[in-house]
Amino acid sequence: MLAQKLAGRLRSLDLPRRIRIMEVCGGHTAAIYRYALHALLPDTIELLSGPGCPVCVTPNEYIDRAIAIADSHHVVLASFGDLLRVPGSHESLSQARARGCDVRVYYSSAEALDFAETQPQRNVVFLGIGFETTACTIAATMRRAIEHNVRNFKLLSAMKTMPNALRALLSSPDIRVDGLLLPGHVTAITGTSVFEFLPRDLGVACTVSGFEPLDILESIDSLAGQILAKAPRLENGYRRAVHSAGNASAQQAMRELFCETDVTWRGLGAIPQSGLTLRSEFAEWDAAQYRIAAQHGHEHPACRCGDILRGHTRPQECPLFGSACTPESPLGACMVSSEGACAAVYQFANTHEARELHHA
Ligand code: SF4
């Protein structure tokens, strides 16, 4: 009922033109399609997916590199499950495992460290992907590995941070976004203050959103109001979890273990100071120490993941969507994770949950 009321309010807004709102976080994308929130909105409000799915923004060369390390140095690769089916340039981690690479799936970095501690004769490389939300848990694991002197546990980092990526994306002349649904989980760690530059310097309306359908609709309402009033600002629509200063101990853990570095994002290219790697004093635990031949990643030529992650293209506009590329047989990263835009659109269109919400 509340959802219908909010949707009705949004439909009654007198928007002078079509406005474009990007949901930065893959969790928002999944919720929007799970509950078909996009179908409740007027045509004047367009939702775009953004670069907030950690699996999706991990470039092919990272997967190529992990496999090359396993092949040349016979290490165990410890990975989150989603990453296994992402196509690399030549094969996925899952295909590498089928031909004999030792690739193991863990739900957390701590579990992977537990395994390494029980297998001191094996070198274990943890494939660390994720944004600030995951990076702080990986920091805690690496601190434990260092304190316990677990030298057979190494981190191959593809961790990324959001503020500079959003700055780079929104500074691009070919991107037109009026408002951002900011990621609730990331902001719970970083605090809202790190995103204040978005409305101030780039004129983009911003609202931090939770992940329930009503959270998202209320946040879209907040953004539409800011855009209509031509008064972009930073709103916190997730006050029950997010505060201005964020989580100080998580930030401290990340600062102690990691330093910021330039990294490549799928679709966005190299972005200065938008990645996290181990500090040089912890080089013993850094899988960068494994020497391999240079990797030059390449993707399926027709895959449009890069354009989707920049809010340029919708999944249905990819010629491979739902035909050559499905969740069972993904050709690009956005079809793998449930937070990927292609997988979300493919899996949640016309779901039971969506129908229920629309009839509530
Ligand atoms: S449908 Fe598949 S190939 Fe096309 S953009 Fe999405 S993931 Fe890439």
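Structure: see above.
Small disclaimer: the values here were computed from a predicted structure and weren't measured. (Residues numbered from 1 in each chain as written. Predicted model: local features only at pLDDT ≥ 70, side-chain atom pairs only at ≥ 80, totals over all residues. Heavy atoms only, no water.)

(A) Examining the overall build of the chain more closely. Tallying secondary structure elements over the chain gives 15 helices and eleven strands in all. What you see for the chain is a C-alpha radius of gyration of 21 Å, in line with the 21 Å of a compact globule of 360 residues. Projecting the C-alpha coordinates of the chain onto the three principal axes gives extents of approximately 65 × 45 × 40 Å. Looking at the chain residue by residue over its 360 residues, the buried ones come to 56%. If you take every contact in the chain between residues at least 6 apart in sequence, the share linking residues at least 24 apart comes to 78%. Accessible area of the chain: about 15100 Å², with a carbon and sulfur share of 50%. Positive and negative side-chain charges of the chain, numbering 33 and 37 respectively, have mean locations separated by a distance of 2 Å. (Helix = DSSP H or I, 4+ residues; strand = E, 2+ residues; numbered from the N terminus. Rg over C-alpha atoms; globule rule 2.2 N^0.38 Å. Buried < 20%, exposed > 50% of the residue type's maximum accessible area, 1.4 Å probe, protein only. Contact = heavy atoms within 4.5 Å. Areas by Shrake-Rupley, 256 points an atom, 1.4 Å probe, with all protein chains shown as cover. Lys, Arg positive; Asp, Glu negative; His and termini not counted. Charge placed at Lys NZ, Arg CZ, Asp CG, Glu CD.)

(B) Expanded view of helix α7 (residues 132–147). Between the first and last C-alpha of α7 there are 22 Å, a value that for 16 residues agrees with the 22 Å anticipated at 1.5 Å per step. Three or more residues of α7 are buried, namely E132, A135, C136, I138, A139, T141, M142, A145 and I146. Positive phi shows up at N149, right after α7, with a value of about 55 degrees. (Expected span 1.5 Å × (residues − 1).)

(C) Structural detail: the sheet that holds strand β8 (residues 205–209). Across the sheet, five strands lie side by side as β2-β1-β7-β8-β9; this open sheet has parallel pairing. Two strands in the sheet have a free side with no partner beyond their single neighbour: β2 (45–52) and β9 (234–236). Taken pair by pair, the neighbouring strands of this sheet meet at an average axis angle of 20 degrees, ignoring direction. (Pairing = 2+ DSSP bridges. Axes fitted to C-alpha atoms, helices over the stretch in contact; angles between N-to-C directions.)

(D) Structural context of the sheet that holds strand β5 (residues 124–130). In spatial order, the strands read β4-β3-β5-β6-β11-β10; together these six strands make up an open sheet with mixed pairing. A strand with exactly one partner marks an edge of an open sheet, and here the two such strands are β4 (103–105) and β10 (258–265). Within this sheet the neighbouring strands show an average axis-to-axis angle of 30 degrees, counted without direction. Where strand β3 (residues 76–79) lies against β5, three bridges are found, and the strand directions are parallel. Its bridge partner being in β5, A78 is matched across the sheet by F126. Running at roughly 170 degrees to strand β6 (residues 153–160), helix α4 (residues 60–73) makes contact with β3, β5, β6 and β10 of the sheet. Sheet strands in contact with α7 are β5, β6, β10 and β11 (269–278), and its direction is about 160 degrees off that of β6.

(E) View of helix α8 (residues 162–171). Along α8, the positions that sit buried rather than exposed are M162, P163, A165, L166, L169 and L170. Along the axis of α8, the buried residues cluster in a sector spanning 165 degrees; they form a single face. (Arc of directions from axis to C-beta.)

(F) Representation of the side chain of D286 within the structure. Positionally, D286 belongs in the loop between β11 and α13 (305–309). Despite its burial, D286 pairs with no opposite charge; the closest candidate is R65, at 6.1 Å N-O. There is a polar contact of 2.9 Å between the side chain of D286 and the backbone nitrogen of A288. When near neighbours in sequence (up to four residues on either side) are disregarded, D286 contacts K154, L155 and L278. (Salt bridge = Lys/Arg side-chain N within 4 Å of Asp/Glu carboxyl O. Polar contact = N/O pair within 3.5 Å; in protein donor to acceptor, adjacent residues only side chain to side chain.)

(G) Geometry of the packing of aromatic side chains. Taken as a whole, this structure holds six aromatic pairs when the rule is applied. When the centroid spacing of 6.3 Å and the interplanar angle of 25 degrees are considered together, the rings of F126 and F153 count as stacked. Here F126 is found in strand β5, whereas its partner F153 is found in strand β6, with 27 residues between them in sequence. For F126, a relative accessible area of 0% corresponds to the buried category. Linked through ring pairs, F80, F126 and F153 together constitute an aromatic cluster. Sitting above the plane of the W265 ring, K160 keeps its charged end 5.9 Å from the centroid. Directly above the aromatic system of F197 lies the positively charged group of R167, at a separation of 4.2 Å from the ring centroid. (Phe/Tyr/Trp six-rings, centres within 6.5 Å; stacked < 30°, edge-to-face > 60°. Lys NZ or Arg CZ within 6 Å of the ring centre and 35° of its normal.)

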